[in-house]
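Chain by chain, the residues:
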Amino acid sequence: MTAPERWHRRHRKKLAALLVVLLLPLLLHFGIGLVTRVSPPEFAAQSGEVTRSGELATLGPAYAQKHGKITVVRLAGTPEEIGHQHAKLLYDQMVQSARELYAMLDRLVPSKLLQLVIFDVARILHHGVDANMPKERLREMAAQAAAFSPDPFEDRFPTFQRYVYLNSLYDIALGFEHSPMLGCSTFVATGSRSRGGHTLLARNFDFEMGGVYDTGKVLFLVHEQGKIPFASVAWPGLVGVLSGMNAEGLSLVVHGGRARETSSTGEPIVHTTRAVLSEARTVEQAVALLETREAMVSHILVLADASGAAISVERAPGERPHARPIQGDLLGVTNH
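K.L.:
Tell me what's going on with the packing of aromatic side chains, and back it up with residues and numbers.
P.N.:
The way to describe two aromatic rings as a pair is by their centre distance and the angle between their planes. Within the structure shown, the criterion is met by four aromatic pairs. With centroids separated by 4.9 Å and ring planes inclined at 45°, the aromatic side chains of Tyr-91 and Phe-148 adopt a geometry described as tilted. One end of the pair, Tyr-91, is in helix H4 (residues 91-108); the other, Phe-148, is in the loop between helix H6 (135-147) and helix H7 (159-166), with 57 residues separating them in the sequence. Grouping residues by exposure puts Tyr-91 and Phe-148 together as buried. Taking 5.6 Å as the distance between ring centres and 35° as the angle between the ring planes, the aromatic pair formed by Tyr-102 and Phe-153 counts as tilted.

K.L.:
I'd like a rundown of the sheet that holds strand E13 (residues 322-325), residues and numbers included.
P.N.:
The sheet built from eleven strands is open, its strands ordered E1-E2-E3-E4-E7-E8-E9-E10-E11-E12-E13 with mixed pairing. Either end of the sheet is taken by a strand with one partner, and the two such strands are strand E1 (51-53) and E13. Adjacent strand axes in the sheet meet at a mean angle of 20°, parallel and antiparallel pairs treated alike. Here strand E11 (residues 299-304) runs beside strand E12 (residues 310-315); their pairing, made up of six bridges, is antiparallel. Bridging from a neighbouring strand, His-299 pairs with Arg-315 of E12.

K.L.:
Just give me the short version of unusual backbone geometry, but keep the residues and values in it.
P.N.:
Backbone torsion omega between Ser-149 and Pro-150 reads 0°, so that peptide bond is classified as cis. Mapped onto the elements of the fold, Pro-150 is located in the loop between H6 and H7.

K.L.:
Quick one: what's the story with empty space enclosed by the protein, residue by residue and with numbers?
P.N.:
All chains considered together, the criterion is met by two cavities of 30 Å³ or more. Here the second largest cavity is characterised by a volume of approximately 80 Å³. Looking at the second largest cavity, the residues that line it are Leu-75, Ile-82, His-86, Glu-140, Phe-220, Val-222, Phe-230, Ser-232, Leu-238, Val-239, Gly-240 and Arg-274. At the level of secondary structure, the elements contributing two or more residues to the lining of the second largest cavity comprise helix H3 (79-89), strand E7 (218-224) and strand E8 (230-234).

Criteria and cut-off values
Residues numbered from 1 in each chain as written. Predicted model: local features only at pLDDT ≥ 70, side-chain atom pairs only at ≥ 80, totals over all residues. Heavy atoms only, no water. Phe/Tyr/Trp six-rings, centres within 6.5 Å; stacked < 30°, edge-to-face > 60°. Helix = DSSP H or I, 4+ residues; strand = E, 2+ residues; numbered from the N terminus. Buried < 20%, exposed > 50% of the residue type's maximum accessible area, 1.4 Å probe, protein only. Pairing = 2+ DSSP bridges. Axes fitted to C-alpha atoms, helices over the stretch in contact; angles between N-to-C directions. 1 Å grid on protein atoms, 1.4 Å probe; cavity = no way out; pocket = protein on both sides within 12 Å on 5 of 7 lines; lining within 4 Å. Points joined across faces, edges and corners; volume = space filled by probe spheres on them.

Just geometry here; none of it tells us what the structure is for.
Structure below.
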């Protein structure tokens, strides 16, 4: 037996152990990705491309048009049709918003290895979040993901899975946000406190992302089949509502709040609020609908309707919604 053979036999177990140590993180990473993969549901395949004429882009009954710094987008049809229209009309803006989000991550976490760890932990913590999303929204996101092609970010997450996480981002971020200096503010004025007695709801939105998230807002006009049409101010790619008003005069805004721990079984806020604007006509109907849905994270909703009724609703995982009606003609709310 030669000297190298004797050395190899003597240290064979040590080499095997070293190989396992080196390969284990890689195997664990791929194992987590496989186990936590989120697959899209079955959905009706869509087709159709955008026609452009100056600032106007059209796709069937849908369109996108720039008005200064605001893009107005009309989406109409089934959830799949709306998802397809969304991605086709706003493809460039969706690429830009995702690029800015990942650029921010690269600045805050320069290490690619640490980013992989963060992503793996996020996959584990939020595995199954899609199970709490309405089937209509999952089909809409699946059609949106299919239309978002080519996807420059597929190496980070599969397209559909990334949309599932992005539609939960507000809830996930609220679970980590504890700054006393960060908070949205809203007021509702009605009766003697507003000109002509009309109801006025106004808010600021402190989501300090910067870039396209501040300057690239979209005014969505959504006409989902069989639902109440609504308007929503958001950013490209979001399938839900943070600030909006429906055709029946019911308006709604979301605030962060601090109460219970984040739940892994609740519904993302933006999908709950979309359901409210799509189905409720009054403040009372909105509260009744909120009773049937579980919160993912603590937050506050401010609602007002065409009759002048206004309330703030405090929601927390595992708790019934607590409605606080307007006192007099003025209601003010902040995150705190």
